[in-house]
Amino acid sequence: MKKKVKYFYRRYKKELFSTAVTIILTIIPLCIPDSNIKISLSLSLMVIFFGLIVTIYFYLKEKDFFYISFNRREDKDDWAGEGNFEYFRSDKSYMITHSYSGFIFQKIFTWTDYRIYFDFQITNKCLGVILRAMNLSNYIMMQINYYGIRPHLRINGGWLIQEAEQEGLVFPQKLLKNTWYRCEILCDKRMICIKIIDKNKFIVDQKWRIPSGAVPFVFSGENAKVTIPFPIDLEYGTVGFRSDGDESALVRDLLVEKV
């Protein structure tokens, strides 16, 4: 509840401020002794109109952060994907499973550099964290399992998978099943910085650079195989989660903010 109040205030503090100022300025003319009622009423209406314009401006202005608690069924409204991404009442969180393409948040497709925070619990095998998703066929995915992180690139629906040992992303200690951890990921140009925290103790604090160039994909025809290179163009896009097949994980308290 404290986090909800905190981020509600942070998200709407400008609107709340403009509303409070409008109310105060509306009351002042009515409190002036011997003032003309018509003049006071006109001033009040002008102040209300001005306050409404300011409130609409702040409302339409692009937000620089989003907070999703994942403890209500309505928290799924701004997400798109395939598979199971549903409210898990016993843990007041969302479970992601049987989702080949994953689920992505629909409000920040144009964001480039940002930081995300969330709590997660691996209930079976792994959790995929989607970054810079242009759509469900083009994104970066950092797959967190018990032993390390396997970076994935999804380009035009095809997968390029890199192993944790190859990328230096093996954990110094194994993550425990059915245990909550805090994750922080920074997307800064071509660098992704990952931190995993267990009760204020850092388990992981590592970096991974997004490859540049092109990825070759092999397509098989009736008589031959053709290799076609696709450029790695993942400079902006939204966030999300993925767990395919019997993989499953819980997530809650997601905060995404621009840097």
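Residues numbered from 1 in each chain as written. Predicted model: local features only at pLDDT ≥ 70, side-chain atom pairs only at ≥ 80, totals over all residues. Heavy atoms only, no water.

Visitor: Mind laying out the overall build of the chain, listing which residues take part and the relevant values?
Guide: A tally of helices and strands in the chain yields three helices and 15 strands. Put simply, of all contacts in the chain between residues at least 6 apart along the chain, 61% involve residues at least 24 apart. (Helix = DSSP H or I, 4+ residues; strand = E, 2+ residues; numbered from the N terminus. Contact = heavy atoms within 4.5 Å.)

Visitor: How would you explain the side chain of serine 248 if you had to name every residue and give the values?
Guide: For serine 248, the position within the fold is in strand 15 (residues 248-258). Only 2.6 Å separates the side chain of serine 248 from the side chain of threonine 123, close enough to count as a polar contact. Discounting residues that sit within four places of it in the chain, serine 248 has contacts with Ile96, Thr97, Ile122, Thr123, Asn124, Cys126 and Ser243. (Polar contact = N/O pair within 3.5 Å; in protein donor to acceptor, adjacent residues only side chain to side chain.)

Visitor: Tell me what's going on with the nonpolar core, and back it up with residues and numbers.
Guide: Counting residues in each nonpolar core, the largest one holds 53 residues, and the members touching the most others are Phe118, Phe120 and Leu131. With five residues, the top contributor of residues to this core is strand 4 (residues 114-124). Look past the residues within four positions of phenylalanine 120 in its chain and what remains in contact with it is Leu127, Ile144, Leu175, Thr179, Trp180, Tyr181, Cys183, Ile196, Leu250 and Val251. Counting residues in each nonpolar core, the second largest holds five residues, with Ile130, Ala133, Tyr139 and Met141 among its members. (Core = buried A, V, L, I, M, F, W, Y, C linked by side-chain atoms within 4.5 Å. Buried < 20%, exposed > 50% of the residue type's maximum accessible area, 1.4 Å probe, protein only.)

Visitor: Residue-level account of the pairing of strand 11 (residues 201-209), with values.
Guide: By the bridge criterion, eight bridges tie strand 10 (residues 191-198) to strand 11 in an arrangement that is antiparallel. By the bridge assignment, aspartate 198 is partnered in strand 11 with lysine 201. Between the end of strand 10 and the start of strand 11, which pair antiparallel, lie two residues, with lysine 199 showing a positive phi angle near 55°. (Pairing = 2+ DSSP bridges.)

Visitor: Give me the state of the cysteines: which residues, what numbers.
Guide: With the rule as written, the count across this model stands at zero disulfides. A disulfide-free cysteine, cysteine 187 has its sulfur positioned 8.9 Å from the sulfur of cysteine 193, the nearest such atom. A relative accessible area of 1% places cysteine 187 in the buried class. (Disulfide = S-S within 2.5 Å.)

Visitor: For unusual backbone geometry, give the residues involved together with the corresponding values.
Guide: With a phi close to 60°, phenylalanine 70 is a non-glycine residue in the positive phi region. Of note in this structure, aspartate 253 is not a glycine but carries a positive phi near 50°. Relative to the helices and strands, aspartate 253 resides in strand 15. Look at aspartate 253 and you get buried, because its relative accessible area is 13%.

Visitor: Describe the pattern of salt bridges, listing the residues and the values that go with them.
Guide: In the structure shown here, the tally under the stated rule is 12 salt bridges. In this structure, the salt-bridge partner of aspartate 113 is arginine 132, at a minimum N-O distance of 3.2 Å. Of this pair, aspartate 113 sits in the loop between strand 3 (93-105) and strand 4 while arginine 132 is found in strand 5 (residues 126-135), placing the two residues 19 residues apart along the sequence. One exposure class covers both aspartate 113 and arginine 132, and it is buried. Among the ionic pairs, aspartate 119 bridges to arginine 182, the shortest N-O distance being 3.0 Å. Here the residue aspartate 119 occupies a position in strand 4, and arginine 182 occupies one in strand 9 (residues 181-188), the gap between them amounting to 63 residues. Taking relative accessible area as the criterion, aspartate 119 reaches 10% and is therefore assigned buried. (Salt bridge = Lys/Arg side-chain N within 4 Å of Asp/Glu carboxyl O.)

Visitor: Give me the packing of aromatic side chains: which residues, what numbers.
Guide: Counted by the stated rule, this structure contains 18 aromatic pairs. Seen from the ring of tyrosine 146, lysine 174 lies directly overhead, with NZ or CZ sitting 5.9 Å from the centre. (Phe/Tyr/Trp six-rings, centres within 6.5 Å; stacked < 30°, edge-to-face > 60°. Lys NZ or Arg CZ within 6 Å of the ring centre and 35° of its normal.)

Visitor: Describe the pairing of strand 5, naming the residues involved and giving the relevant values.
Guide: In terms of burial, strand 5 is largely enclosed, as eight of its 10 residues are buried. Across seven bridges, strand 5 lies against strand 6 (residues 138-145) in antiparallel orientation. Bridge assignment links isoleucine 130 to a residue of strand 6, and that residue is methionine 141. Turn length for the strand 5-strand 6 hairpin, with the two strands adjacent in sequence and antiparallel, is two residues. Where strand 5 and strand 14 (residues 238-242) come together, four bridges link them in antiparallel fashion.

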